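The primary structure of each chain is shown beneath.
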Amino acid sequence: MPAAEATPMIRMVGVDKFFGRLHVLRNIDLVVPRGQVVVVLGPSGSGKSTLCRTINRLEPIDSGTIEVDGHPLPAEGRALARVRADVGMVFQSFNLFAHKTVLDNVVLAPVKVRGTAPAQARAAGMELLARVGIVDQAGKYPAQLSGGQQQRAAIARALAMRPKVMLFDEPTSALDPEMVTEVLDVMTTLAGEGMTMLVVTHEMGFARRAADRVVFMADGDIVEDATPEDFFTAPRSARARDFLGKILSH
Amino acid sequence: MDFLGRYDLLGAFWVTVQLTVLSACGAVVLGIVLAAMRVSPVPLMRACGAAYVNVVRNTPLTLVIIGTSLGLYQTLGLTLASDTSTEFIDTNNFRLAVLGLALYTGTFVCEAIRSGVNAVPIGQAEAARAVGLRFGQVLRIVVLPQAIRSVVAPLASVLIALTKNTTIASAIGVAEASLLMKEMLENEGDKGILVFTVVAIGFVVLTLPVGVALGWLARRVGVKR
């Protein structure tokens, strides 16, 4: 296999992170190969969101190394901004730019970061909005959209940068139940198209359906790393059995 | 009331308006720069911004204005007008007053904007960083536009205070409304209350529309969440 293909998209080695005295990530090693969809599961407070946020350095780490596409994450500055441009991120609380229309949200970064011509970026933006099914909302402001529509717009905003990898930090946790499906459908399609994805979620159905791999975290550690099939049918650790017992019983 | 015809009341208020508009422009620019310094990740910038705001904001405006004249002009020799001009003294004092008012009011603009920056949810800046914008872009494109929209109403108060503060320019001889009032009071000793009332109404006429207009603007541009 050529070296370029062998380079993993994300590589974390010996990553430690503290919030004050709280040890939120304990010596994490994780490799995500190109094209893989990894779902990170775990009880709240297990460090899964923090793990996701360290990959584009929204959370700096205290020790260890993180590489994206073979390059170690730079410290703050232009070099870091360039890496972030290639890493799409979708947040729990959508975080669409509140003073800009949906289309302007999607167009902003391609124009300001990539230097794409505005007309071209708008055309591409409309295509993306059509892809996530909200092309008719292009001229509205985020506050005028439902949660599900906002999250789909946020996915389109991330995709507009043609990212190498997409990070999803609990993308459906802030949504009303009836809007979860529309967002998961977009994510499932994306996974089917071969996008490298790291998804922190509580959606077990999505994990079973779309993931290549499930990573289970507890207390800042990766406790299990398995295929969805193995994880859901035969979890090895007591922590995972306990977790699955609690969420699958209702 | 016919004595009013002997004085250039409109001309004096025109100077007040000029002082207000010019120093407001300077104060907004300075306030944005100071606010950017105070929220920057660079400790030295934050310290300089905080030091400037705390020193200047807590200095009485009279001292700041007289300081521009005594300190900047007479001691340091800073001139802001052509010294061959026949109106050198007047022009120089006017511009020194604008400078002093802008330096002083900029601190209040800074603090208003800073409170607006703190009101922008942290997720907005995180999303901006996550799509690859650099620090300056995050501030300029995402955070400051939202911050400024949310502080239009407090900025209206700052602008109204500035309008009234321009009267202090009379301390270095700028011929604005309150200097004319002083002259009128000296010459028309028996009409004190009338002179006083006319000038007070003049200021209300200037400031009331500012408050109404900016209140409307604040509702208009406010960011819905």
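In what follows, the structure referred to is the one given above.
Presented here is a report on the structure given in the accompanying data block. Keep in mind that what you see is a predicted model, and the values were worked out from it rather than measured.

1. As for the overall build of chain A
Part 1 of the argument: Across its full length, chain A carries ten helices and ten strands.
Part 2 of the argument: When its C-alpha atoms are laid out on the principal axes, chain A stretches across 55 × 45 × 45 Å.
Part 3 of the argument: With 250 residues in all, chain A has 54% of them scored as buried.
Part 4 of the argument: Accessible surface computed for chain A: about 10700 Å², of which carbon and sulfur atoms make up 50%.

2. Focus on the overall build of chain B
Part 1 of the argument: Tallying secondary structure elements over chain B gives nine helices and zero strands in all.
Part 2 of the argument: If you list the helices and strands of chain B from N to C, you get α-α-α-α-α-α-α-α-α.
Part 3 of the argument: Dimensions along the principal axes, computed over C-alpha positions, put chain B at roughly 70 × 40 × 30 Å.
Part 4 of the argument: Across the 225 residues in chain B, those meeting the buried criterion constitute 42%.
Part 5 of the argument: The long-range share in chain B, meaning contacts at least 24 apart out of those at least 6 apart in sequence, stands at 77%.
Part 6 of the argument: Per element, the accessible surface of chain B, about 11300 Å² overall, is 67% carbon and sulfur.
Part 7 of the argument: Taking the 17 positively charged and 12 negatively charged side chains of chain B as two groups, their mean positions are separated by 23 Å.

3. Here we look at helix 9 (residues 192-221) of chain B
Residues and elements named next belong to chain B.
Part 1 of the argument: Counted at 1.5 Å a residue, the expected span for helix 9 with its 30 residues is 44 Å, and the 44 Å between its end C-alpha atoms agrees.
Part 2 of the argument: All of the buried residues along helix 9 are Val-195, Val-198, Val-199, Gly-202, Phe-203, Thr-207 and Ala-218.
Part 3 of the argument: Considering only its buried residues, helix 9 is in contact with helix 1 (9-38), helix 7 (152-165) and helix 8 (177-187).

4. So, the interface of chain A and chain B
Part 1 of the argument: Contacts between chain A and chain B engage 23 residues on the former and 20 residues on the latter.
Part 2 of the argument: In total, about 1900 Å² of surface goes out of reach between chain A and chain B, with carbon and sulfur atoms giving 63% of it.
Part 3 of the argument: Among the residues of chain A in contact with chain B, A:Phe97, A:Ala98 and A:His99 are the three that bury the most area, contributing 29% of the side total.
Part 4 of the argument: Linking chain A to chain B there are one salt bridge.

5. Some points on unusual backbone geometry
Generally, phi is negative for residues other than glycine and the peptide bonds are trans, each holding for most cases.
Residues and elements named next belong to chain A.
Part 1 of the argument: In this structure, Asp-69 takes a positive phi of about 55° despite not being glycine.
Part 2 of the argument: A relative accessible area of 16% means that Asp-69 is categorised as buried.
Part 3 of the argument: Although it is not a glycine, Asp-219 adopts a positive phi angle of roughly 50°.
Part 4 of the argument: One can find Asp-219 in the loop between strand 9 (213-218) and strand 10 (221-226).

6. Considerations on the packing of aromatic side chains
Residue and element names in this part refer to chain A.
Part 1 of the argument: For the coordinates displayed, the defined rule picks out six aromatic pairs over all chains.
Part 2 of the argument: Measuring from ring centre to ring centre gives 5.7 Å for Phe-216 and Phe-231, while their planes differ by 35°; the resulting arrangement is tilted. Of the two residues, Phe-216 sits in strand 9 while Phe-231 sits in helix 9 (residues 228-233), which places them 15 residues apart along the sequence. Of the two residues examined, Phe-216 and Phe-231, each falls in the buried class.
Part 3 of the argument: Ring pairing ties together the aromatic residues Phe-216, Phe-231, Phe-232 and Phe-243, which thus form one cluster.
Part 4 of the argument: Looking at Arg-157, its charged tip hangs above the ring of Phe-97, at a distance of 4.6 Å from the centre.

7. Some thoughts on the sheet that holds strand 3 (residues 37-41) of chain A
Residue and element names in this part refer to chain A.
Part 1 of the argument: Read from one edge of the open sheet, six strands run 6-7-8-3-9-10, paired in mixed fashion. Each edge of the open sheet carries a strand with a single partner, namely strand 6 (87-90) and strand 10. For this sheet, the mean angle separating the axes of adjacent strands, direction not counted, is 15°.

8. Observations regarding the side chain of A:Gln150
All names here are of chain A.
Part 1 of the argument: Counting through the fold element by element, Gln-150 comes out in helix 6 (residues 147-159).
Part 2 of the argument: A relative accessible area of 15% means that Gln-150 is categorised as buried.
Part 3 of the argument: The contacts of Gln-150, once residues within four sequence positions are left out, are Phe-94, Leu-96, Pro-142 and Leu-145.

9. Description of the nonpolar core
All names here are of chain A.
Part 1 of the argument: Ranked by size, the top nonpolar core spans 60 residues in total, and within it Met-12, Leu-167 and Leu-198 carry the most contacts.
Part 2 of the argument: Ignoring anything within four residues of it in the chain, the contact list for Leu-167 reads Ile-10, Cys-52, Ile-55, Asn-56, Val-87, Gly-88, Met-89, Val-90 and Leu-198.
Part 3 of the argument: If you look at the next biggest cluster of nonpolar residues, it comprises 52 residues, including Ala-121, Met-195, Ala-207 and Ala-240.

Scoring rules and cut-offs
Residues numbered from 1 in each chain as written. Chains lettered and ligands numbered in written order. Predicted model: local features only at pLDDT ≥ 70, side-chain atom pairs only at ≥ 80, totals over all residues. Heavy atoms only, no water. Helix = DSSP H or I, 4+ residues; strand = E, 2+ residues; numbered from the N terminus. Buried < 20%, exposed > 50% of the residue type's maximum accessible area, 1.4 Å probe, protein only. Areas by Shrake-Rupley, 256 points an atom, 1.4 Å probe, with all protein chains shown as cover. Contact = heavy atoms within 4.5 Å. Lys, Arg positive; Asp, Glu negative; His and termini not counted. Charge placed at Lys NZ, Arg CZ, Asp CG, Glu CD. Expected span 1.5 Å × (residues − 1). Buried area = accessible area lost by both parts, 1.4 Å probe. Salt bridge = Lys/Arg side-chain N within 4 Å of Asp/Glu carboxyl O. Phe/Tyr/Trp six-rings, centres within 6.5 Å; stacked < 30°, edge-to-face > 60°. Lys NZ or Arg CZ within 6 Å of the ring centre and 35° of its normal. Pairing = 2+ DSSP bridges. Axes fitted to C-alpha atoms, helices over the stretch in contact; angles between N-to-C directions. Core = buried A, V, L, I, M, F, W, Y, C linked by side-chain atoms within 4.5 Å.

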